[in-house]
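Topology and contacts: notes
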Amino acid sequence: MPSTNTPLTTSSAIALSAVAASAAAALITASIFARRHKHLLQQLSKVEETRAAERKGRIRAEQKLRTQLKNEVAPGDVKDANGDDEGNKDASTLRHNLQLDCIGTVVSPYTKRMGTPRQGALVPSGRGYIELRIPVECVEGLELYSHAWVLFTFHANTDTGSVVKQQKGKSDAQFLNLTKTKIRPPRGNGIKVGMLATRSPHRPNNIGLSLVRVVKVDKKGKRLHINAFDLVNGTPVYDIKPAVPWDVPGHHDQIPLSVPLWVSQDDELKVVNLTQLARKSLAKHIHNGKLAPLYTSTNDGLEGSINSIREVLSQDPRATNTNRPNKRGAQQTAAMNDLYEIVFCSAIVHFSVSSEGVLVEDVTELDLTNVPHVDGIPILQDR
């Protein structure tokens, strides 16, 4: 009688063989993956080591470059960063020179220093814009802030020659503006204070910081429109930062802002009027484009310019360092009969000051096309 277990035994053997083959294949596959995983880890480790070495090399190169710039030495004079004397110098002995690139230029109605507000907030209607030299995407979102800080240079300063003369012959000349360490601020009634205790444009380094009101970002024209600023036309801009609540003294620590008495005194000229001649002349110049592109016939050019001129003159822009009796802070008498001028866009505003306030006598045209300019500032005789 034939056995009934033979087919089952054969089937089991085949099944066992298949399982064994599968197990062997799995082991081989696992071994291959393990070796490949180990190889990949080794490659990754090498890549990370290479990146770390490159990063370390870049850091050392940057350290050497900074040392070269700070000390103004030739590239071959700087030793290796691991043991050089230059790198171990006290930071206080280094120059820390900083190269800045202009990111924009101010377009402003304030053509010259005289007539430019000493603080932007004192002339809130003043309008202008920053012509951007960088991609407009850099200021995208800035329109969501009400104010911004503008870092710039006092390019209209006229004491560069004195600084160079002072430093001439010094091997380590730093060309800092230290010709005068103390100055008489316009509102100080003759007192002298340290230059860094004032907002004077004459500083060790000609760097200024101004708070402006953000109006809008013109993406098509690559312009940041601003109001309430104290920037001369053509001012180079180096940086723009949004103003935040923590910039306001007392916002966080409840310590109120305090200033000297000469800063807080109210010396504003309360009344500024225009004669009919001045109004008619100003309207004509706006129609002829003399105050463009800021004040034109297509916007509120006449009223806008009148408001700005009034706010500028109410701060008494007359000079204080003059021997004329009708200087800043003085009131005109019949014997003086002085007329003063400020340049506003491409127009000259003629005004007088009396006990009754400021009177704009006339506004005349100024042709700047044939006038020599230095750093964007027109050189005008007797103005």
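Quantities reported herein were computed from a predicted structural model and do not represent experimental measurements. Along each chain, numbering runs from 1 in the same order as the chain's sequence is written. The model is predicted, so local features are restricted to residues of pLDDT at least 70 and side-chain atom pairs to those at 80 or more, both for listing and for counting; the totals for chains, interfaces and linings are taken over all residues. To get the side-chain values, take all heavy atoms of the structure and skip hydrogens and water.

So, the overall build of the protein
Helix and strand definitions here come from DSSP, where helices need a minimum of 4 consecutive H or I residues and strands a minimum of 2 consecutive E residues; each element is numbered from the N-terminal end. Across its full length, the protein holds five helices and 14 strands. The burial tally for the protein puts 33% of its 383 residues in the buried class. What makes two residues a contact is simply this: any of their non-hydrogen atoms within 4.5 Å. Considering only contacts in the protein between residues 6 or more positions apart, those separated by 24 or more positions represent 64%. With the model as given, the accessible surface of the protein reaches about 24,100 Å², and the carbon-plus-sulfur share is 55%. Think of it in three bands: with a 1.4 Å probe and only protein chains considered, a residue is buried below 20% of the maximum accessible area for its type, exposed above 50%, and partly exposed in between. Per-residue and other accessible areas follow the Shrake-Rupley method at a 1.4 Å probe size, with only the shown protein chains counted as cover for residues.

Regarding the sheet that holds strand β12 (residues 357-365)
Two strands pair if DSSP finds at least two bridges between them. On the basis of which strands lie adjacent, the open sheet formed by four strands has the order β9-β12-β11-β10 and mixed pairing. Strand pairing shows two members of the sheet lacking a second neighbour, β9 (272-274) and β10 (340-344), which therefore form its edges. Averaged over neighbouring strand pairs, the angle between their axes works out to 30 degrees when direction is ignored. Note that β9 and β12 share three bridges and pair parallel. Following the sheet pairing, L274 is matched in β12 by V360. Every axis in this analysis is a line fitted to C-alpha atoms, fitted for helices over the stretch in contact. Angles between the N-to-C directions lie between 0 and 180 degrees. Against the sheet, helix α4 (residues 276-287) contacts β9 and β12, and its axis sits at roughly 40 degrees relative to β12.

Details of the packing of aromatic side chains
Any pair of Phe, Tyr and Trp rings, taking the six-membered ring for Trp, is counted once the centres come within 6.5 Å. Such a pair is stacked with planes under 30 degrees apart, edge-to-face with planes over 60 apart, and tilted for the rest. Under the definition given, this model contains five aromatic pairs. Counting every residue linked through ring pairs, the aromatic cluster contains Y110, F229, Y295 and F344. The criterion for a charge sitting over a ring is simple: Lys NZ or Arg CZ within 6 Å of the ring centre, and within 35 degrees of the ring normal. Directly above the aromatic system of Y340 lies the positively charged group of R318, at a separation of 5.7 Å from the ring centroid.

Section: the pattern of salt bridges
Here a salt bridge means any side-chain nitrogen of Lys or Arg lying within 4 Å of a carboxyl oxygen belonging to Asp or Glu. According to the stated counting rule, one finds eight salt bridges in the structure shown. Linking E131 and R223 is a salt bridge whose minimum nitrogen-to-oxygen distance equals 3.5 Å. Pair noted here: E131 is in strand β2 (residues 127-132) and R223 is in strand β7 (residues 223-227), with a separation of 92 residues, a long-range link. A residue is classified by how much of its surface remains accessible, and E131, at 29% relative accessible area, is partly exposed.

Observations concerning helix α5 (residues 301-314)
Working rule for helices: expected span equals 1.5 Å times residues minus one. For α5, with 14 residues, the first-to-last C-alpha span of 20 Å sits near the 20 Å given by 1.5 Å per residue. Taken across its 14 residues, α5 has 10 buried, putting it largely inside the fold. When we look at burial in α5, the residues that qualify are G301, G304, S305, I306, S308, I309, E311, V312, L313 and S314. Buried residues along α5 sit in contact with β2, β9, α4, β10, β11 (347-354) and β12. Where α5 ends, the next residue or the one after it, D316, has phi of about 55 degrees, a positive value.

Section: the confidence of the model for the protein
Per-residue confidence from the predictor is given as pLDDT, running between 0 and 100. When pLDDT is averaged along the protein, the result is 82; 79% of the residues meet or exceed 70. The model gives residues 73-81 a pLDDT under 50, and that stretch makes 12 contacts with residues more than four places away or in other chains.

Considerations on a positive patch on the surface
Two joining distances apply to patches: 9 Å for like charges and 5 Å for nonpolar side chains (Val, Leu, Ile, Met, Phe, Trp, Tyr), and every residue must have over 30% relative accessible area and no salt bridge. His is not counted, nor are the chain ends, whereas Lys and Arg count as positive and Asp and Glu as negative. For the purpose of locating charges, the reference atoms are NZ of Lys, CZ of Arg, CG of Asp and CD of Glu. A cluster of basic side chains, namely K180, K182, R184 and K192, defines a positive patch on the protein surface. On the secondary structure map, R184 appears in the loop between β4 (182-183) and β5 (193-194).

Notes on the side chain of N227
For N227, the location among the structural elements is in strand β7. Judged by relative accessible area, N227 falls into the buried class, the value being 18%. Apart from residues lying up to four places away in sequence, N227 is in contact with P124, G126, R127, G128, V212, R213 and V215.

Comments concerning the environment of F152
With respect to the helices, strands and loops of the structure, F152 is situated in strand β3 (residues 147-153). For the pair F152 and S210, spaced 58 residues apart in sequence, the C-alpha separation works out to 8.0 Å. When near neighbours in sequence (up to four residues on either side) are disregarded, F152 contacts N206, I207, G208, L209, S210, L231, T235, P236, V237 and Y238.

With respect to the packing of α4 against α5
Viewed as axis vectors pointing N to C, α4 and α5 meet at an angle of 120 degrees, and their least axial separation amounts to 10 Å. It follows that α4 is oblique to α5 by the angle criterion. For the crossing formed where α4 meets α5, the hand is right-handed. Listed contacts from α5 to R279, L282, A283 and I286 of α4 are G301, L302, E303, S305, I306, I309 and R310. Note that Gly is not counted as nonpolar here; it falls among the polar residues with everything else outside the nonpolar set of Ala, Val, Leu, Ile, Met, Phe, Trp, Tyr, Cys and Pro and the charged set of Asp, Glu, Lys and Arg. Split by residue class, the contact of α4 with α5 holds six nonpolar, two polar and three charged. Angle categories are assigned with fixed cut-offs, so that under 35 degrees is roughly parallel, over 145 is roughly antiparallel, 65 to 115 is roughly perpendicular, and the rest are oblique. By definition, any crossing whose near helix is turned counterclockwise from its far helix by less than a right angle is left-handed, and any crossing with a clockwise turn is right-handed.

Observations concerning the nonpolar core
Remark: nonpolar core denotes a set of buried residues (Ala, Val, Leu, Ile, Met, Phe, Trp, Tyr, Cys) joined through side-chain atoms within 4.5 Å. I130, I240 and L313 are the most contacted members of the largest nonpolar core, which has 48 residues in total. Setting aside residues no more than four positions away along its own chain, L313 makes contact with L269, V272, I342, V349, F351, V358 and V360. Of all hydrophobic cores here, the second largest spans six residues; its members include V343, I348, V371 and L380.

Description of unusual backbone geometry
Note: most residues except glycine have negative phi, and most peptide bonds are trans. Cis rather than trans, the peptide bond between A292 and P293 has omega equal to 5 degrees. Structurally, P293 can be placed in the loop between α4 and α5. With a phi angle near 55 degrees, C345 is a residue other than glycine that sits in the positive phi range. As for its placement among the helices and strands, C345 is situated in the loop between β10 and β11.

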